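Notes for the structure review
Residues per chain are reported as follows:
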Amino acid sequence: MNRSPIATARSSTPPGLLLIRGLGHSGSTILDLALGAHPSIVGLGEAVRVLEQPRVGESHKGPQQLRGALRFERRCTCGALAGTCPVWGPLLEWLPQHDDRPLLEKVDRLITPLTSGSARWLVESFQADEQLLNARALGRPVRVIHLVRDVRSWVHSEARRGVERHGRGRSVGWRSLVRWWRVNRRLEQRLRRSDCSVFQLGYEELALAPEAALRRLCDWLELPFEPAMLQPGLHSGSHIVSGNRLRFEPGQSHAIRYDAAWLTSTAMSLRVALLFPPLAAMNRRLVYSQDLLGATWPAA
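Residues numbered from 1 in each chain as written. Predicted model: local features only at pLDDT ≥ 70, side-chain atom pairs only at ≥ 80, totals over all residues. Heavy atoms only, no water.

1. Observations concerning the nonpolar core
Burial of nonpolar side chains together is a common tendency in soluble globular proteins. Ranked by internal contacts, the top residues of the largest apolar core, which has 51 residues, are L31, L35, I145, W180, L201, L214 and L217. Not counting the four nearest positions on each side in its chain, L214 is found in contact with L31, A34, L206, F225, M229, L230 and I256. Judged by nonpolar contacts, the second largest core, of 36 residues, contains L51, L66, C76 and A82. (Core = buried A, V, L, I, M, F, W, Y, C linked by side-chain atoms within 4.5 Å. Buried < 20%, exposed > 50% of the residue type's maximum accessible area, 1.4 Å probe, protein only. Contact = heavy atoms within 4.5 Å.)

Rendered as structure tokens:
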């Protein structure tokens, strides 16, 4: 991650906001890092999680801790401590006394140092947020990548994580199945109603055909493809202070790889998931829309 965080070359127009939205644990961190390896893109990770005003009694939890001493302990993916990062440092110092300000104002303050550089797009990857879909109020273009993981892979991951962390029983898989359907259906409808340009991307297509997927993304963003994007952890210029821990794990962040553990699962929730026609149609539409894997992958 050696690229300068704030490039010196001037851009003719202010950079736009590129939002990665969908369900959590669907590959947003690795995509943020990969996009940040492009010289015209700067990733900001789950910025909204850091910027949101803490709820009463929760200022000591999660990303809100970055308002205090944690900013001099947690490292940004640019290599600097969060508190000394040229992008995050000034904002984290300003934030505690201005937490009552609107989210869009906080976002604008965060990205202002980047508007005079060479970046054409700034990536925000807190997948659960919908407030920034209205960020055109900041006077810049907004585009959305709707990132969706195959329902079987996502349910398997959620069930495994739920059992490991909370000791939940078999019902966790069924609850995850319903959540995948409900959240992705609502977000798809929300994006259709918005005036944002949307790129539909499946995590399977990104992880199993990364070059083809990233080339299409670059075409959509009107940028040339950069081979460095295929080795995110080695070349990314993203500034991520909140996100998946894999961003600091060389074995997971230096290349885009796929975890196919779900293929050997015998969980009934996975086996019957695509027996429901509406869910199977949504899975095909949202995950395999780019048609990069053809008949070589069990997408049906």
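What follows continues from the structure just given.
2. Quick look at helix α6 (residues 171-193)
For α6, with 23 residues, the first-to-last C-alpha span of 34 Å sits near the 33 Å given by 1.5 Å per residue. For α6, every residue scored as buried is listed here: V172, G173, S176, L177, W180, V183, N184, L187, E188, R190 and L191. (Helix = DSSP H or I, 4+ residues; strand = E, 2+ residues; numbered from the N terminus. Expected span 1.5 Å × (residues − 1).)

3. Here's the deal with the environment of D99
Mapped onto the fold, D99 is located in the loop between α3 (88-94) and α4 (103-111). Judged by relative accessible area, D99 falls into the buried class, the value being 11%. The sequence separation of D99 and P54 amounts to 45 residues, and the corresponding C-alpha distance is 8.1 Å. The residues contacting D99, other than those within four sequence positions of it, are L51, E52, Q53, P54, R67 and K106.

4. Some words on the state of the cysteines
Across all of its chains, the model carries 0 disulfides by this definition. A disulfide-free cysteine, C78 has its sulfur positioned 3.7 Å from the sulfur of C76, the nearest such atom. (Disulfide = S-S within 2.5 Å.)

5. Description of empty space enclosed by the protein
Summed over all chains, the structure comprises 3 cavities of 30 Å³ or more. Approximately 40 Å³ is the volume attributed to the second largest cavity. Forming the walls of the second largest cavity are L17, L44, A47, L51, V107, L110, I111, V123 and E124. Among the secondary structure elements, those contributing two or more residues to the lining of the second largest cavity are α2 (47-51), α4 and β3 (121-124). It is α4 that contributes the most residues to the lining of the second largest cavity, 3 residues altogether. Classifying every residue of the lining of the second largest cavity gives 8 nonpolar, no polar and 1 charged. (1 Å grid on protein atoms, 1.4 Å probe; cavity = no way out; pocket = protein on both sides within 12 Å on 5 of 7 lines; lining within 4 Å. Points joined across faces, edges and corners; volume = space filled by probe spheres on them. Nonpolar A, V, L, I, M, F, W, Y, C, P; charged D, E, K, R; others polar.)

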